[in-house]
Amino acid sequence: MLVLKALARGPLHGYDVAEHILAWSGDVLKVEEGALYPALHRLELRGLLASEWGVSANNRRAKYYRLTAAGKKQLAAESSEWARLSGAVARVMEV
Amino acid sequence: MLTSLRLRWRALWKRRQLERDLEDELAFHLAMREERRGETSRRGFGNVGLVKEDLRDQWTFRAVETFWRDLRYAARMLRRSPGFTLVAILSLAIGIGANTAIFSVVDAIVLKSLPVRNPEELRIVLWTGERPFDSHSGYNTDTRSGIRVSSSFPYETYQQFAASVPQFSDLMGFASSQVTVIAGAESHYADAELVTGNFFSGLGVTPLGGRTLTPEDDRPGAAPVAMISYRYWERRLGLKPEAIGRMIFVNGQPVTIIGVVPPAFLGVQPGAAPDLFLPMALVGVLGDRWHDLHDGDTAWVQIMGRLRPGANDQQAMAGLGAVMQRNSLASKRRREGKKDPWRPVLEEGAGGIQMLRDGATPSLLVLSSVVGLVLLIACANLANLLLARGVARRREIAVRLSIGAGRWRLIRQLLTESLLLAGFGGGLGLALAAPLSRVVVNVAGGAQQLILDVHLDSRALLFTAAVALVTALLFGLMPAFRATRVDLTPALKEGAGGGLGSSPQLRVSRLLIAGQVALSTLLLAGAGLFVRTLINLSSVDPGFQARQLLIFNVDGSRSGYQGDKLVGLYERIREKVAAIPGVRAATLSGVALISGSMSSNTITVPGYKGKNGQSPDTYTMLVGRHFLATMGIPLIAGRDLGEQDRRKAPRVAVVNETFARNYFAGQNPVGRIFYFDDGKNPPPESQVEIVGMCKDAKYDWLKNDAPPTTYLSYLQSNMAWGMTYELRTALPPMAIAGAVQRAVAEIDRNVPVAEMRTQEEQIRMTLGTERMFAGVVGSFGVIAALLAAIGLYGVMAYNVTRRTNEIGIRLALGAGRGDVQWMVLRESLWMVAAGLALTKLVQQTLYGVKPNDPASFVAAGALMVVVAAIAAWIPARRAARVDPMRALRCE
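Predicted model only: the values in this text are computed from it and were never measured.

### Quick notes on the overall build of chain A
Helix and strand content of chain A: four helices and three strands. When the helices and strands of chain A are read in sequence order from the N terminus, they spell out α-β-α-α-β-β-α. Each of the 95 residues in chain A was classed as buried or not, and the buried ones make up 24%. Taking as baseline every contact in chain A between residues at least 6 positions apart, the subset at least 24 positions apart corresponds to 42%.

Spelled out as structure tokens, the structure:
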């Protein structure tokens, strides 16, 4: 979900995905880099992400990932599910 | 899921690019780390190699990849031992090929549906009940319910069915007939199927060329037309397209060919492929005495119906039953059968009319058990060879296990090897299957010629693949399990030699050898049985002089001859061929002797009571003058039938000894009378006077005893069909064949001479089944014995290698070379002995002990011992030549 969310704003390469998640979470959620790529590839094979090779800002060949239509749908479904779940947890904790 | 498959499929073809992409992506990431965070170490990233492995696995079909790798490895291993591979593939090919051949024939006869539209809707209409007709044709069989059924109806009943049983969308009637065809200058006999006009449309068969018969063609007075089979088109008309539209003469009547039936459609009776399809309305014109459209008491039309969608068998039976009940009211004979009324029976019709099912099944059963045995032997043999290989590869396997290969992984690897062998074997087997299946068709058909659509189609292919797969598992699984159950430490320590004594592997090997010997002996003994039967039959005295006899068939009734004119034709032919130089005597008869055909009649013999109220009966043979003298059947009393026994003269007969023994208590029957009638008060016109008694001669088959036989002059009976001529020759019989052809053609060009052969050939033909069986079972027996010998050799050779040390010690301690040789031989012979003992057991379970011919078994056993001794002798000699010094130094 976090990976999908990171890509919601536009195509990124793997390194940036990790960076973005780290930055947005206020350095709380550090993505295990070794696990990131298998996750990205799994999503790609599930058809939630598409990839293409491009040239990065520093002129290197890099693989960019972007959300597919199916990916966007999946993200919407997962974030509403997450909102429901986290809201519930929050309410329980407030009691 | 689909996306994943698509992406991975694409990746499969771009392996190198995938590798590079994975590499690049990770490299990029590491580069970014360095650039942005200045981290040069890979700490926090994890094992790059492992990640890459993980990614690669995601992108590839792992199972397929490993399988592919295993396959390549297996191919390499097999190439390294070409001898083993060759033996394995060849034995599998023979086993699998033979099984495929049998399958394709069984499939064509029993399993396959007719090549028509929705064959599952077809039903065959049959009847049961107490003798509702004067005569009927068609088959009698015991169906699953055990009742006797018959398949033919009067044409009238067919019409009533067609008009008033709405549960069938189409009811097709048909009947077989032999006809004489004149096409151009040439005349020949052909098999015709008389069919109702809706036959082709009802079945849903479309023509290959031209058009099909229609109900319009099947009206009285319609222009006579015919469809021809593809085979006939090919054989007689050279596949020429102008054959369609051509006029031929069928039994003298001009008929126009309007279309060709597609090659896959061979009629509705598997095995009998008609040449011509004629509209049933032509029956009257063709002069076929048996087939009368207007006789309600003669049943000759077979019926097949297509069930209307939504209608079921019960409804259809009710509909047919109602018609038959009404019909029965009109017939005295059918009214009488109150206890067992005339009623319908329905059978599935998808496979066509199964006249072959009963006839060919025993042969096919024997053949399929034989080929099953051969395949089993091949499997046992391979399992054995693989076991030996497994032992030889113990070190390799132990090494692989110790560096972390899983046992399952190794088993899979070994099974892949088996699969590869089975694959090659199956492929080669498929190539063997085509010619083999033709042999099988001949064997299954026996004396009658079968025409079947046997070709290796997708079903046969599937069958072969399945057999190959099962075979691979059968011979591969056990050795694979055994080979990978290795105790690592000793296996790694050991050299190529190995320990003393017997290991579990060897025990299994010995058992397998014993099993192979048992099965091979069984096959050889079976072949011996057939050979003995054949020899016995060949030495049987038929009771007449079979040498120097030329026989041929003529049927003038199908060229327009009838009554006195027909008899006149036959007499003219007899006189003319008798005058040919080299012919000593000429006669004719209703059927050829030893041809499997016969006719028999119920008779009444005054003064003969009969056993348990059964009426006596006799085989009858219609003959021309001097038949007995010409055939060399010795006369015991009275006279032969001669020129005085004409139509108007008193009816006379010559009977054989068995007849006299059975019905006149062995007294001289000459001068006595009997009646061709089964009633209490036989009409005087059925009376026959016996004027002679002859010695017994075989009638229909060599293996049957001579039945009570009556020889009657054909001039004194209402003979209306074809006859067989017998010429006693001074020259070799076939030398005058041409002169006979010319002589008959001079009398009438339109009367063809058929089946010119010698009497000896005729007899040989009826032994075809036995001959083929002996050949097929015998050759498979030899193959099986050979396989067993190879297996024995393999095991013993391996055993000697293993025991080099032991043998060396024995020799060093003073054992003679002969002793060592005998030791090895003895061990092999033990296996053979065990196998022979096992034969007894297997034989009992397989065949229910019946064909227990001790001579065959002893001969087969002896042969097996000899073969085994030869196979074991080579390793035994090698054992004896072991140099004790070198053997001991090996340690």
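On we go from here.
### Re the overall build of chain B
Within chain B one finds 27 helices and 26 strands. Taking as baseline every contact in chain B between residues at least 6 positions apart, the subset at least 24 positions apart corresponds to 83%.

### Brief notes about the sheet that holds strand β1 (residues 12-13) of chain A
Reading across the sheet, the three strands line up as β1-β3-β2 (chain A) and stay open at both edges, with antiparallel pairing between neighbours. For this open sheet the edge positions go to β1 and β2 (49-55) of chain A, each flanked by a neighbour on one side alone.

### Concerning the environment of B:Leu519
Mapping B:Leu519 onto the fold places it in helix α17 (residues 504-538). Along the backbone, B:Leu519 and B:Gly781 are 262 residues apart, and their C-alpha atoms lie at a distance of 8.9 Å.

### Things to note about the packing of helix α18 (residues 563-578) of chain B against helix α21 (residues 737-747) of chain B
Residues and elements named next belong to chain B. For the pair α18 and α21, the least separation of the axes is 10 Å and the interaxial angle reads 140°. As summarised for this structure, α18 and α21 are arranged oblique, according to the angle between their axes. Crossing geometry of α18 relative to α21 is assigned as right-handed. Together, Arg 572, Ile 573, Lys 576 and Val 577 of α18 and Val 740, Ala 743, Val 744 and Ile 747 of α21 make up the contact between the two elements. Class assignment for the residues of the contact of α18 with α21 results in six nonpolar, no polar and two charged.

### A closer look at the interface of chain B and chain A
Of the residues lining the interface, 19 residues belong to chain B; the matching set on chain A comes to 17 residues. Among the elements that take part in the side of chain B that touches chain A, helix α2 (residues 15-37) of chain B stands out by supplying nine residues, more than any other. Of the residues contributing to the side of chain B that touches chain A, the split by class is eight nonpolar, six polar and five charged.

### A look at the environment of B:Gly129
Its location among the elements puts B:Gly129 in the loop between β1 (122-128) and β2 (135-136). Each C-alpha atom of the pair B:Gly129 and B:Val149 lies 7.9 Å from the other, and the pair is 20 residues apart in sequence.

### Describing the pairing of strand β24 (residues 709-713) of chain B
Residues and elements named next belong to chain B. Counting buried residues in β24 gives five out of five residues, a clear majority hidden from the surface. Burial along β24 is two-sided: the face carrying Thr 709, Tyr 711 and Ser 713 and the face carrying Thr 710 and Leu 712 are both buried. In the sheet, strand β19 (residues 617-623) pairs with β24 via five bridges, with the strands oriented parallel. Along β24, the bridge assignment pairs Val 623 with Ser 713. Direction of pairing for strand β21 (residues 652-656) relative to β24: antiparallel, over a ladder of three bridges. Following the sheet pairing, Val 655 is matched in β24 by Thr 710.

### So, the pairing of strand β7 (residues 186-195) of chain B
Residues and elements named next belong to chain B. The pairing of strand β6 (residues 168-183) with β7 spans 10 bridges and is antiparallel. Across the sheet, Gln 178 pairs through a bridge with Asp 191, a residue of β7. Hairpin remark: β6 followed by β7, antiparallel, with two residues in the connecting loop; positive phi at Gly 184, about 70°.

### Quick notes on unusual backbone geometry
All names here are of chain B. A positive phi angle, near 35°, is found at Asn 118, a position not held by glycine. Mapped onto the fold, Asn 118 is located in the loop between α5 (82-111) and β1. Unusually for a residue other than glycine, His 626 sits at a positive phi of about 55°. By the element assignment, His 626 lies in the loop between β19 and α19 (627-631). A count of 16 C-beta atoms within 10 Å places His 626 in the partly exposed class.

### Regarding the packing of α2(B) against helix α3 (residues 48-59) of chain B
All names here are of chain B. Where α2 meets α3, the closest approach of the two axes is 11 Å, and the angle between their N-to-C directions is 140°. In terms of orientation, α2 and α3 fall into the oblique class. As α2 packs across α3, the resulting crossing turns out to be right-handed. Each of Leu 18, Leu 22 and Leu 26 in α2 lies in contact with α3, whose residues at this interface are Val 48, Val 51, Lys 52, Leu 55, Arg 56 and Trp 59. Grouping the constituent residues of the contact of α2 with α3 by class yields seven nonpolar, no polar and two charged.

### So, helix α24 (residues 804-812) of chain B
Residue and element names in this part refer to chain B. Taken residue by residue, α24 has Thr 804, Ile 807, Gly 808 and Leu 811 as its buried positions. The arc that holds every buried residue of α24, seen down its axis, measures 105°, which confines them to one face. Looking at the residues trailing α24, positive phi occurs at Gly 814, about 110°.

### Digging into the nonpolar core
Residues and elements named next belong to chain B. Core analysis: the largest hydrophobic core is formed by 101 residues, its most contacted members being Ile 102, Val 374, Val 517, Leu 523, Ala 784 and Leu 792. If you tally residues by element for this core, the top one is helix α12 (residues 355-392), at 18 residues. If we ignore the near neighbours within four places in the chain, the residues touching Val 374 are Ile 94, Gly 95, Ala 98, Phe 780, Ile 783 and Ala 784. In terms of nonpolar packing, the next biggest core, distinct from the first, is built from 67 residues, Phe 133, Phe 265, Leu 276 and Met 324 among them.

### As for the confidence of the model for chain B
Residue and element names in this part refer to chain B. With 87% of its residues at a pLDDT of 70 or more, chain B has an overall mean of 81. Low pLDDT (under 50) marks residues 495-502, which in the prediction has eight contacts with non-local residues, meaning those over four places away or in another chain. Here the complex is predicted with pTM 0.65, and the ipTM for its interfaces comes to 0.78.

So, how was this worked out
Residues numbered from 1 in each chain as written. Chains lettered and ligands numbered in written order. Predicted model: local features only at pLDDT ≥ 70, side-chain atom pairs only at ≥ 80, totals over all residues. Helix = DSSP H or I, 4+ residues; strand = E, 2+ residues; numbered from the N terminus. Buried ≥ 20, exposed ≤ 12 C-beta atoms within 10 Å, placed from the backbone. Contact = placed C-beta atoms within 7 Å. Pairing = 2+ DSSP bridges. Axes fitted to C-alpha atoms, helices over the stretch in contact; angles between N-to-C directions. Parallel < 35°, antiparallel > 145°, perpendicular 65-115°, else oblique. Left-handed = near helix turned anticlockwise from the far one by under 90°. Nonpolar A, V, L, I, M, F, W, Y, C, P; charged D, E, K, R; others polar. Arc of directions from axis to C-beta. Core = buried A, V, L, I, M, F, W, Y, C linked by C-beta atoms within 7 Å. pLDDT = per-residue confidence, 0-100.

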